[in-house]
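Residue-level listing of the chains:
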Amino acid sequence: MGGRELLNWDGSRKLYGEALELLPGGVNSPVRAMRSIGRDPIFIERGEGPYLFDVDGNRYVDWVCSWGPLIAGHAEPSILAAVRAAAERGTTYGAPTAGEVALAREVAKRFDSVEMIRMTSSGTEAAMGAIRLARAVTGRDALVKFAGAYHGHTDGLLVSAGSGMATAGKPSSPGVPAAVAEQTAVVPWNDADAVEAALAARPVAALLVEPIPANMGLVPPAEGFLKRLRELADQYGAVLVFDEVISGFRVSRGGAQELTGVQPDVTAFGKVIGGGLPAAAFGASSEMMNHLAPAGDVYQAGTLSGNPLAVAAGLATMELLDEAAYLKLSQTTDALADALRDAARDHPVQVVSVPGLVTPFFTDQPVSDFEGANSCDMDAYARFCRELIERGVYPPASQFEAWFPSLAHDEETVEMTAAAAAEAFDAVFADG
Ligand SMILES: *Cc1c(COP(=O)(O)O)cnc(C)c1O
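Just so we're clear, the structure is a prediction, and the values are computed from it rather than from any experiment.

(A) Spatial organisation of the nonpolar core. Of all hydrophobic cores here, the largest spans 83 residues; its most connected members are Phe146, Leu229 and Phe384. Considering every element that reaches this core, the biggest residue donor is helix H13 (residues 378–390), with seven residues. Composition of this core by domain shows at least three residues from each of domain 1 (4–63 + 324–428) and domain 2 (77–320). In this structure, Phe111, Ala310, Leu321 and Leu329 belong to the second largest nonpolar core, which totals 21 residues.

The following block contains the structure:
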């Protein structure tokens, strides 16, 4: 255990105690509580580049990066300067600004399938807007989504598979009306026959797809699968929606659709597009988008949509994301994935990566769908995370999340992670 620091979390523990009385579970979003890795949350004081600093004075190499938005790392100087300058001109007007036009132009430049966007404040709202638009243009209600995909916490998408393959889904959370869940069929990822059965079973408004799913851990599509989804959507008259809230601006300049060459009808954006501030969007052809009010009659709105600070942060982030940046991100991703693979040696771990995303699955089988992800050794992943945290490395506290390399990570942070991971894997598998 050479070099292992003994951290203490007295300050975090005290704050967590107070938080538990004022916030359900002590947090404002469930995964932050770290319950699935069997420990208490760590309260953060600040971030800098690839590092997080907690209220207890500990430093961590941060592979969460706020779950995706911080592709440039924490407190990147040019993004801070842009936000500061915007704030000095006022924080919100409820009226259009030049920045929104510039950001829309930048998105349209990067994504061939997008001519116009509508901004929202969260990815959840972007997915909601995409669905309403799809329902409006098709005159249909039903949706098809994939098991293990996440599209935000809206009613119709917090749904799990019903008893029959191609039939109605059931609520995956109390509070979701059964009548709403029934409108959504849930099918296994990478299973084109199940998709076709669901599309044939009833008229479907939208086929919702995370083209490079990263919410069951990272499970890239099988060869030709997205192309098949495009064909099936066309054949059955469903709108093909790519939820690129994670993959957009991350896996390549033009997201998963550029990387795979498959174009959707509608795309949802989030996370990176807001540069670390609350912004998201959905986009499509002008013909499709002009159905939205006030150009058309499909209602969608937001008090802080296109917020000037978030737009400034998004634009400053885009400015950093040139070809050299994607090359660097890809190299850092490979270095992290290789480091984890080397550290795992012959332990039963599958390290999966695409540029900007990595998941080490605790299984000896390749993972191709939610069932595979679900059969990983969750206790082993949990122990691995706890061991990493004690060694100053901050991983996503769930087997179902991806690790997020950023432009701020470098050789040093990868080496620190490699050393911690080697000890952590040994600790995990020593007991087994
Ligand atoms: C995070 C996420 C969302 C939801 O975005 P929020 O901003 O958290 O509402 C939607 N889709 C995908 C693929 C996501 O990863």
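(B) Broad picture of the layout of surface pockets. The space that makes up the second largest pocket amounts to roughly 550 Å³. Along the wall of the second largest pocket there are 23 residues; nearest its centre are Glu100, Arg118, Met119, Ser305 and Gly306. For the lining of the second largest pocket, the secondary structure elements donating two or more residues are helix H3 (98–110) and strand S4 (116–120). Here the lining of the second largest pocket gets five residues from one element, more than from any other, and that element is H3.

(C) How the structure looks around the sheet that holds strand S15 (residues 393–394). The strand order across the open sheet formed by four strands is S1-S2-S3-S15, and the pairing between neighbours is mixed. Edge positions in the open sheet fall to strand S1 (44–48) and S15, since each of these has one partner strand only.

(D) Molecular detail of the state of the cysteines. Enumeration according to the criterion identifies zero disulfides in this entry. Cys65 carries a free sulfur, and the closest cysteine sulfur to it, the one in Cys385, is 15 Å from it. By relative accessible area, Cys65 is classed as buried at 0%.

(E) Expanded view of the pairing of strand S2 (residues 51–54). Taking every second residue as pointing to the same face, both faces of S2 are buried, with Tyr51 and Phe53 on one and Leu52 and Asp54 on the other. Between S1 and S2, which follow one another and run antiparallel, lie two residues, and Gly49 among them has a positive phi close to 55°. The hairpin formed by S2 and strand S3 (residues 59–62) contains four residues between the paired strands, and Gly57 there has a positive phi angle of roughly 85°.

(F) Examining the site of the ligand more closely. The immediate surroundings of the ligand are formed by Ser122, Gly123, Thr124, Tyr150, His151, Gly152, Glu210, Asn215, Asp243, Val245, Ile246 and Lys271. Measuring from an oxygen atom of the ligand, one finds a side-chain N or O atom of Lys271 at 2.6 Å. Expressed as a share of its isolated accessible area of 380 Å², the protein-covered part of the ligand is 83%. Broken down by class, the residue content of the shell around the ligand amounts to three nonpolar, six polar and three charged.

So, how was this worked out
Residues numbered from 1 in each chain as written. Predicted model: local features only at pLDDT ≥ 70, side-chain atom pairs only at ≥ 80, totals over all residues. Heavy atoms only, no water. Core = buried A, V, L, I, M, F, W, Y, C linked by side-chain atoms within 4.5 Å. Buried < 20%, exposed > 50% of the residue type's maximum accessible area, 1.4 Å probe, protein only. Helix = DSSP H or I, 4+ residues; strand = E, 2+ residues; numbered from the N terminus. Domains from an automatic or database assignment. 1 Å grid on protein atoms, 1.4 Å probe; cavity = no way out; pocket = protein on both sides within 12 Å on 5 of 7 lines; lining within 4 Å. Points joined across faces, edges and corners; volume = space filled by probe spheres on them. Pairing = 2+ DSSP bridges. Disulfide = S-S within 2.5 Å. Near = heavy atom within 4 Å. Polar contact = N/O pair within 3.5 Å; in protein donor to acceptor, adjacent residues only side chain to side chain. Areas by Shrake-Rupley, 256 points an atom, 1.4 Å probe, with all protein chains shown as cover. Nonpolar A, V, L, I, M, F, W, Y, C, P; charged D, E, K, R; others polar.

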